[in-house]
Structures are given as structure tokens and as C-alpha cells.
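So the chains spell out like this:
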Amino acid sequence: MEDDFEVERHQQYRTEIPPQSGRGFRVQKGECLRVIDPEGQQVADLWAFVVSSDGVDWLSTSQTRDITERMFPVPGKSFYSEQANQVLTLIEDNSPCPHDMLFPACNRGLYERAGFRSHPNCRDNLLGILSKAGISLPIVPDPVNLFQRSEPQPDGRLEVIASDNPPGGNVLLRADADLFVVITACSVDYHPTNGGCCTGIVVEHQ
Ligand SMILES: [Zn+2]
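Residues numbered from 1 in each chain as written. Predicted model: local features only at pLDDT ≥ 70, side-chain atom pairs only at ≥ 80, totals over all residues. Heavy atoms only, no water.

- The name an unreviewed UniProt entry gives the protein chain is DUF1989 domain-containing protein, with Vreelandella arcis as the organism.

### Comments concerning the overall build of the protein chain
Item 1. Secondary structure assignment for the protein chain yields four helices and 13 strands.
Item 2. Relative to its length of 206 residues, the protein chain is compact, with a C-alpha radius of gyration of 17 Å against a globular reference of 17 Å.
Item 3. If one aligns the C-alpha atoms of the protein chain with their principal axes, the spans along those axes are about 60 × 35 × 35 Å.
Item 4. Going through the 206 residues of the protein chain one by one, you find that 46% of them count as buried.
Item 5. Contacts spanning at least 24 positions in sequence make up 77% of the contacts within the protein chain whose residues lie at least 6 apart.
Item 6. When the 17 positive and 29 negative side-chain charges of the protein chain are each reduced to one mean point, those points stand 5 Å apart. (Helix = DSSP H or I, 4+ residues; strand = E, 2+ residues; numbered from the N terminus. Rg over C-alpha atoms; globule rule 2.2 N^0.38 Å. Buried < 20%, exposed > 50% of the residue type's maximum accessible area, 1.4 Å probe, protein only. Contact = heavy atoms within 4.5 Å. Lys, Arg positive; Asp, Glu negative; His and termini not counted. Charge placed at Lys NZ, Arg CZ, Asp CG, Glu CD.)

### Structural notes on helix α2 (residues 61-68)
Item 1. Along α2, the positions that sit buried rather than exposed are T61, T64 and T68. Buried residues in α2, looked at end-on, bunch into an arc of 55°, giving them a common side.
Item 2. Tucked inside the fold, the buried residues of α2 contact β6 (78-80) and β8 (144-146).
Item 3. At the C-terminal side of α2, E69 shows a positive phi close to 50°. (Arc of directions from axis to C-beta.)

Written out as C-alpha cells, the structure reads:
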């Protein structure tokens, strides 16, 4: 029995998220997710939801900026929900990128402004996954844009620079509540966000 327990405890689930798509994960409190960018320069949008009989609470980038008094996360700091509860903690950061908490997910309007109709986008990928999971929300929360290099400039401009995440760059996150986590491989296939092309993301559930 002890061996079975060890196998169970150390079992790891690996999910490959194809380019321009997303996946949902049920993660229990204390479990970890490692989000890996296998080919490099690929942004992964991250959302987390706490679903209870009281309704749905969600990771809020604005609450997180307020509570942590930071624009970008660092290891040891947590992400907080709309109701100001701790939902995730950044345990390891094996990436040079700041991990954006300032931009919304890419969406239909962004692509239409750039001249692309019916373009895949992270917002619609999120909404499709939430719909299948039976989760409805009053708003669409902004994600944490892992591996996205967004840099506020001294003159007030907010620039997105091509991600310089190297192949295999990754972060390790710990769930601080029972969560439904959604991760998308960002759909921006023109310069600069993802370096000009879209690749996949790998998630290891530990
Ligand atoms: Zn995107």
C-alpha cells in the first residue's frame, strides 16, 4: 500500500497545449503546475477561478498589483482574487521575462484593428473552456500573461516587446485554493508579442 501511495503522490500529468488554443485544469490546494514554453518566445495566458456554492471568484491582476504593490510577480509572491483571497503563489521563475499583469487577453477587437477577421484569440479560447466547464462570470478577467515582456516607458508609453523567453523557460505555481485554472498559448502570430509565430505550451501538473 505504501508503494501505491508513493506512485500516486509522484504521478505527474503532462498536457501539451497546441498553438493558438487553451486547456482547463482542476487543481487542488497544495498542488503545483509547471508552465513550460518548449520552443521559446511564446506567451501563455493564465487565469484561475475559485468555484464554490457562493459563486465564482477569480484571480484579479488589479487586486494582485494592489496587494503585492508590484507590476510584475516575483518568486515567493502570490496572486490574489477579486475577493482579495490568495489563490496562487509563484514558487519558481525560470524565465527572464517580467510576466505581464497590465494587458488584457488578445481578443477579436485587437485582431480586427490589425486587419484580421475571425482570428483565433485567447479571450474566445478562455470563454469556450469556461462554457464547457459550466462556469459563467459577470466579466472576463484579465489574465497573467506569462513570458510576456511588456515594459512601461518613462514617457508613459506601454510597449509590448518580443518575448525573450528561451526554449524551456518555465514557471512553477502552487495552488493556494481548489482552483479551475485555464492556460492558453497566445494567438498573436505577428511581431512582436510571440516573436512573430505561435508555438505550443506544456503544463506539468504535480
Ligand atoms: Zn493571446
